[in-house]
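So you can see what is in the structure, the chains are spelled out below.
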Amino acid sequence: AEPTTGMPLPEMHEVETVRRQLQERVAGRRITWVEVRDDKFTSPDAPPAVVADLEGRRIRAVERRGKYLLLPLDSGDVFVMHLRMTGSLRWWPGAPDPDERFVRAVFTLDDGSTLTFADMRRFGRGWILPADDPDPEGYWAARVGVEPLEPGFTPEVLAGLIDGRRGPIKAVLLNQALVAGLGNIYADEALFSARIHPERPAGSLDAGEVARLHEGIRERLALAVDSGGSSIDTYRDSLGGSGSMQDRLRVHLREGHACPRCGDTVVKTRVAQRGTYLCPTCQVA
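So, how was this worked out
- Chains are numbered independently. Their residues run from 1 in the order of the written sequence.
- Restriction of local features to residues with pLDDT of at least 70 applies here, the model being predicted, together with a cutoff of 80 or more for giving and counting side-chain atom pairs; totals for whole chains, interfaces and linings are based on all residues.
- The side-chain figures draw on all heavy atoms in the structure; neither hydrogens nor water molecules are used.
- The pairing criterion for strands is at least two bridges between them, as found by DSSP.
- Strands here mean DSSP runs of E at least two residues long; helices mean DSSP runs of H or I at least four residues long; both are numbered from the N terminus.
- Note on geometry: axes are lines fitted to C-alpha atoms, helical ones only across the stretch in contact, with angles between N-to-C directions running from 0 to 180 degrees.
- Between the first and last residue of a helix there are one fewer steps than residues, each counted as 1.5 Å, and that sum is the expected span.
- Residue exposure (1.4 Å probe, protein chains only): buried if accessible area is under 20% of the type maximum, exposed if over 50%, otherwise partly exposed.
- Think of it this way: a Phe, Tyr or Trp ring, Trp meaning its six-membered ring, pairs with another when their centres are within 6.5 Å, and the plane angle makes it stacked under 30 degrees, edge-to-face over 60, tilted otherwise.
- The disulfide definition used here is simple: a pair of cysteine sulfur atoms within 2.5 Å.
- When the near helix sits turned anticlockwise from the far one by under a right angle, the crossing is termed left-handed; a clockwise turn instead gives a right-handed crossing.
- In what follows, residue pairs with any heavy atoms lying within 4.5 Å of each other are defined as contacts.
- Any residue outside Ala, Val, Leu, Ile, Met, Phe, Trp, Tyr, Cys, Pro, Asp, Glu, Lys and Arg is labelled polar, Gly included; the first ten of those are nonpolar and the last four are charged.
- Every residue gets a pLDDT, meaning the predictor's confidence in that residue, from 0 to 100.
- Polar contacts here mean pairs of N or O atoms no more than 3.5 Å apart (in protein, one a potential hydrogen donor and the other a potential acceptor; neighbouring residues in sequence count only if both atoms are side-chain atoms).
- The rule for a salt bridge is simple: a side-chain nitrogen of Lys or Arg has to be within 4 Å of a carboxyl oxygen of Asp or Glu.

In spatial order, the strands read β2-β3-β4-β8; together these four strands make up an open sheet with antiparallel pairing. Only two strands of the sheet have a single partner each, and these edge strands are β2 (63–65) and β8 (125–129). The sheet shows a mean angle of 30 degrees between the axes of neighbouring strands, taken without regard to direction. Pairing between strand β4 (residues 78–82) and β8: five bridges, direction antiparallel. In the sheet register, F79 faces β8, and the bridge partner there is I128.

What follows is the structure, encoded as structure tokens:
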């Protein structure tokens, strides 16, 4: 489960930014050496077992499922990484900066470039999904739902996901097994776009509200990807850069500011154990 503290997590669009950057730089490269500095990174597997599966293997591509980064290898195995709360995967053209903090694993590639996985809170993980897994799609189906920026995510699909659910709509949106990669920031932003209170029972939304919510999810996530994500706290992309989406947020983290739509004051509450921002006039309970 995702940690439930108030610190922002990398969301789908931040992970997608990292994926795109790494695809250009590491796809086709061979992993020549791996150093795991923190046994917890590969837990519950022992680091030597994971290292043995990685060293000497060629990275075929860099892919993403929800908030997970995937490195399919020429062995058929897939190396999976989850940044969780404060993880960052950084590419370096040569040796990493010796002053880089909280480095838990280092991956050296055949062109001399390196990847470092740094993580202050140590929640992030890396593990092998073996080539002989009997049901890889089932593995992912139990963890991530429909990708919100893919063509398969339609208003009808969203309606089916929330139909009959009595829990708050925000809690349903945060369920990664239903909608992949949608996190706290953009659940708030999408609900504001749709003028829906985050505590509304999910199954109570009518067709018009579902259509507005679907549009809000896709519009805000697309903008976030184009902006390189939101560098609110610890997030940096794989080149050490910052995103700019934090400057385009309309309600999230804007407690006490004027609503950009009606001018009322944005308030903060808690829904699904997460800090939640809304306009009490535009989003009536």
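Now that the structure is up, let's keep going.
With 15 residues, helix α1 (residues 12–26) should cover 21 Å at 1.5 Å per step; its first-to-last C-alpha distance of 20 Å lies within 8% of that length. A large share of α1 lies buried, amounting to eleven of its 15 residues. G28 sits one or two positions beyond α1 and adopts a positive phi of about 90 degrees.

Scanning all chains against the criterion turns up five aromatic pairs. Pairing Y68 with W140 gives two aromatic rings, centres 5.1 Å apart and planes at 70 degrees, and the pair type is edge-to-face. Of the two residues, Y68 sits in strand β3 (residues 68–72) while W140 sits in helix α3 (residues 136–141), which places them 72 residues apart along the sequence. Exposure class is identical for Y68 and W140. Each is buried. When the centroid spacing of 5.1 Å and the interplanar angle of 90 degrees are considered together, the rings of Y139 and W140 count as edge-to-face. The pair Y139 / W140 is uniform in exposure class, with both members buried.

Our next topic: the state of the cysteines. Simply put, disulfide is the name for a covalent bond between the sulfur atoms of two cysteines. Taken as a whole and assessed by the stated rule, the structure comprises zero disulfides. C259 takes part in no disulfide bond, and the closest cysteine sulfur to it belongs to C279, at a distance of 3.7 Å. Looking at the unpaired C279, the closest cysteine sulfur is the one in C262, lying at 3.5 Å. Taking the relative accessible area as the measure of exposure, C279 reaches 0% and is therefore buried.

The omega angle of the peptide bond from S43 to P44 is 10 degrees, so this bond is cis rather than trans. Mapped onto the elements, P44 comes out in the loop between β1 (31–36) and α2 (47–54). Phi is positive for A272, which is not a glycine, with a value near 55 degrees.

Attention now moves to the packing of α1 against helix α7 (residues 207–226). Relative to each other, α1 and α7 sit at 40 degrees, their axes nearing to 9 Å. For the pair α1 and α7, the crossing hand works out as right-handed. Between α1 and α7, the contacting residues are M12, H13, E16, T17 and R20 on the first element and L221, A224 and V225 on the second. Considering only residue class, the contact of α1 with α7 consists of four nonpolar, two polar and two charged.

Moving on, we come to the confidence of the model for the protein. When the pLDDT values of the protein are averaged, the result is 89; 90% of them are 70 or greater. In the model, residues 1–8 has pLDDT below 50 throughout and makes 22 contacts with residues more than four positions away in sequence or in other chains.

Attention now moves to α7. Taking 1.5 Å as the rise per residue, α7 with 20 residues should run 28 Å; its terminal C-alpha atoms sit 29 Å apart, in good agreement. Looking at the buried residues of α7, the elements they touch are α1, α4 (155–162), α5 (169–173) and α6 (184–194). Near the N-terminus of α7, the side chain that reaches the backbone nitrogen of G208, with its oxygen 3.1 Å away, is that of D206.

Attention shifts here to the pattern of salt bridges. The tally for this structure, following the rule as stated, stands at 20 salt bridges. Between R58 and D110 there is a salt bridge, with the nearest N and O atoms lying 3.8 Å from each other. Separated by 52 residues along the polypeptide, R58 in the loop between α2 and β2 and D110 in the loop between β6 (103–109) and β7 (114–119) bring together distant segments of the chain. Take R58: its relative accessible area is 29%, and that puts it in the partly exposed class. By relative accessible area, which is 35% here, D110 ends up partly exposed. E189 is the salt-bridge partner of R250, the closest N and O atoms lying 3.8 Å from each other. Of this pair, R250 sits in the loop between α7 and β9 (267–271) while E189 sits in helix α6, and the two are 61 residues apart along the sequence.

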